[in-house]
Structures are given as structure tokens and as C-alpha cells.
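Structural overview for review
If you want the building blocks of each chain, they are given just below.
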Amino acid sequence: MTSSPVLTDTPTQTVQAFLDAFARHDVATAIAAADPRVAVTVHPLGIHATGTEVVDDVLTDLVRAFPDLMISVSRVIATGDVVTALFKAEGTQAAGYAGAINQEKHLDIDQAWRFTVADGLITEISAYWCQAQLYRRLAVKRYAEIAIA
Amino acid sequence: MTEVSTLPRTAESAAGVVTEFFDRYRAHDVEGMTDLCAMNAAFSYPPVELWGKQRVLRGDGKVRTIGKPLWTGLIASFPNLSLAVHTVTSNDDGDVVAEVDIEGTQQLAWGLIAPAGRHYREPHLFIFHVGPDLLIDSITAYWNDAGISQQLGHTEVD
């Protein structure tokens, strides 16, 4: 499914539109705020790629694995064309995620996403969170045996 | 002792304070880093989380009581600790965001990680706030601690 580009006036509004849609689990609307050739880096997942399909995969995986996912944004900081969002992602695991089998554990992870915006569209995303915290909450014991409870 | 500036706070001067902070960090000048911070500057490193049987230690508090010992301990464990600042963006309200890679070779225990002489390099995102007096009054940083653990040969999540 595709959505029309989100028309906004400021970089903050563009990012806010992305975050609002993500919080509603509306992945199609979220990625409509991004340039088709958006550069995506998700440090904890080792992702360095381009294209909205990458953003689609990252968001869809989260929403699928944590159907009650709640995104609580604490700060949105605009520094020129760069907008940094600090938020907490919370949810209960219902499917495998990042190699971790579903043990119905609750997740709460503080994250920081840095966006670059040009001409009303997100052109770069860099996501930061601690995968050790994520695995700890999902009851993973060893990095080499993520799928073993 | 904190360093008081008479310059007005602008996006440029706030970014300058943060650049100086990282220059001092690279020089292992923890006192100098602290001097760039307000007396009661807030400190938050969300990835710092040590789970014990009856309590969890977190990297939250103040620069002078939590940040300074953490920086000192990190430099002691990684004597060749260095960093590369990739981007610094700022605004006239004193917000400064910096993308920084931190790296070092482990010589002493760090948290639960025993020293094995291994090297790590991990991207960090720092969010600062610089007050009207050009002193840093808030430091927050995010990174993937699992990446550091695995690079250092530590295979346990805890």
C-alpha cells in the first residue's frame, strides 16, 4: 500500500508526522514522510541501507512483534534541518524479533532517532538504542544464542 | 570549577562548547570536561544499566556524581580511548546534537566485561543542552552496548 507524501512546512512537522503515524502503527503513512531514497542506519540492527522499503521493514517488524507497541515521545529537538526525537518504545512481544523468540516478555527501550529533512521529506534516519537492553527484556541470555531461551 | 563565558549563546557558540568538550574528552581531561558543565548539570546514559539480584544501577543523575566517575572509569579501562566527531548540529536555544564514534582497547575490567585486550568502536548520539552562560547543563547519550560487549568478546547479555 502506498500513501501520498506528507506535506509539511518545517522539518519538525515532517518528523512529527512520521512519529505520529508510527505511534498509530500506520507504517504506510510514516514512510510517506520519507524520500524514496532515504538513507537508513539502524545501529543496533546493523542496518546501513537506502530506500523506504528499509524503513518499512524496520517499522513493520516492530509492530508485528509487539502488536501493542506504544511510542511515547519525550522530546523533539530541531537543529536546522536535523530533527532528533527521543522516545520510549514499549510493548509485549507476540512474535520473534531480531532473532529473539517470543516469550511474551514486556519491552521498554529508550531510543533516539536522528532525522535529516530536505524539501519536506526525510532524507536520512539514524536510529540508536541499546540492543543489550532489548535482549535483556526479552530474556535472551547470550548473544551467540539469541533464539535460545 | 566551572568556566564562565561572556559570549552570548548562539547556535554557533553552543556548538563550540560541545566541540571543546569532545576535544577535552579526546585528551582524557575529565576535569576539563566537567569544568564546561554547570554545577548541577544533568547526566543520562540510558544504555548504562547493570542488573543485580536486588537492584539495578543506571547511568542517570548528575555530571559530577555519575558522569565524572563513568568517564574516569572508561578512560582507565581503555587507556587509548579516542573519539571521532562526525556531525554537530545546534540551535539558538542551546540544544546541540552530536554523532560521535568512541573507540578504545580494553586493559581493565569494564562493568561485567573482563579485559582481553580487544578493541571496540561504537557510534554514539549525544544530546546536550548549553545554558545562557555557555555551560553545559544536560548531557544525554545513546549507543548500542551490545555492540561494545560483542566487540570486546563478552558473549553474555549480563
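See the structure printed just above.
The notes below deal with the structure included here. Being a predicted model, the structure only gives us computed values, none of them experimental. (Residues numbered from 1 in each chain as written. Chains lettered and ligands numbered in written order. Predicted model: local features only at pLDDT ≥ 70, side-chain atom pairs only at ≥ 80, totals over all residues.)

Considering the overall build of chain A
Counting secondary structure elements, chain A contains 4 helices and 6 strands. Reading the secondary structure of chain A in the N-to-C direction produces α-α-β-β-α-β-β-β-β-α. Whereas a compact globule of 149 residues would reach a radius of gyration of roughly 15 Å, chain A reaches 15 Å, a difference of no more than 12%. Judged by the C-alpha coordinates and their principal axes, chain A covers about 45 × 30 × 25 Å. Among the 149 residues that make up chain A, the fraction classed as buried is 42%. Here the contacts in chain A between residues at least 6 apart in sequence split such that 57% fall between residues at least 24 apart. (Helix = DSSP H or I, 4+ residues; strand = E, 2+ residues; numbered from the N terminus. Rg over C-alpha atoms; globule rule 2.2 N^0.38 Å. Buried ≥ 20, exposed ≤ 12 C-beta atoms within 10 Å, placed from the backbone. Contact = placed C-beta atoms within 7 Å.)

Focus on the interface of chain A and chain B
Chain A puts 24 residues into the contact, and the matching count from chain B is 23 residues. Mapped onto the side of chain A that touches chain B, the elements with two or more residues apiece are strand S3 (70-79), strand S4 (82-92), strand S5 (106-118) and helix H4 (131-137) of chain A. Counting residues per element, the side of chain A that touches chain B draws most heavily on H4(A), at 5 residues. A breakdown of the residues in the side of chain A that touches chain B according to their chemical character gives 13 nonpolar, 6 polar and 5 charged. (Nonpolar A, V, L, I, M, F, W, Y, C, P; charged D, E, K, R; others polar.)

Thoughts on the sheet that holds strand S4 (residues 95-105) of chain B
Residue and element names in this part refer to chain B. In space, the 6 strands of this open sheet follow the order S2-S1-S6-S5-S4-S3, with mixed pairing throughout. With one partner strand each, in any of the chains shown, strand S2 (56-62) and strand S3 (82-90) form the two edges of the open sheet. The sheet shows a mean angle of 20° between the axes of neighbouring strands, taken without regard to direction. Where S3 meets S4, 8 bridges bridge the pair, whose relative direction is antiparallel. When the bridges of S4 are listed, Thr87 appears paired with Glu99. Packed onto the sheet, helix H1 (residues 11-26) meets S3, S4, strand S5 (119-130) and strand S6 (136-143) and runs at close to 175° relative to S3. (Pairing = 2+ DSSP bridges. Axes fitted to C-alpha atoms, helices over the stretch in contact; angles between N-to-C directions.)

Some remarks on the pairing of S5(A)
All names here are of chain A. Sheet topology note: the S4/S5 ladder contains 11 bridges and is antiparallel. Residue pairing for S5: Val82 is matched across the bridge by Thr116. For S5 and strand S6 (residues 121-128), the ladder comprises 7 bridges, and the chain directions are antiparallel. In the strand pairing of S6, Trp113 is matched with Ala127. The hairpin formed by S5 and S6 contains 2 residues between the paired strands, and Asp119 there has a positive phi angle of roughly 50°.

Things to note about helix H1 (residues 11-23) of chain A
Residue and element names in this part refer to chain A. Relative to the 18 Å expected for 13 residues at 1.5 Å per residue, H1 spans 18 Å between its end C-alpha atoms, a close match to the ideal helical length. Regarding H1, the residues found buried are Pro11, Thr14, Val15, Ala17, Phe18, Leu19, Ala21 and Phe22. Buried positions along H1 lie against helix H2 (27-31), helix H3 (52-65), S3, S4, S5 and S6. (Expected span 1.5 Å × (residues − 1).)

Observations concerning the environment of Asn144(B)
Positionally, Asn144(B) belongs in the loop between S6 and helix H4 (145-151). For Asn144(B) and Asp158(B), which are 14 residues apart along the polypeptide, the C-alpha to C-alpha distance reads 14 Å.

Details of unusual backbone geometry
Non-glycine residue Ala98(A) carries a positive phi angle of around 50°. Positive phi outside glycine occurs at Leu134(B), with the angle close to 60°. Its location among the elements puts Leu134(B) in the loop between S5 and S6.

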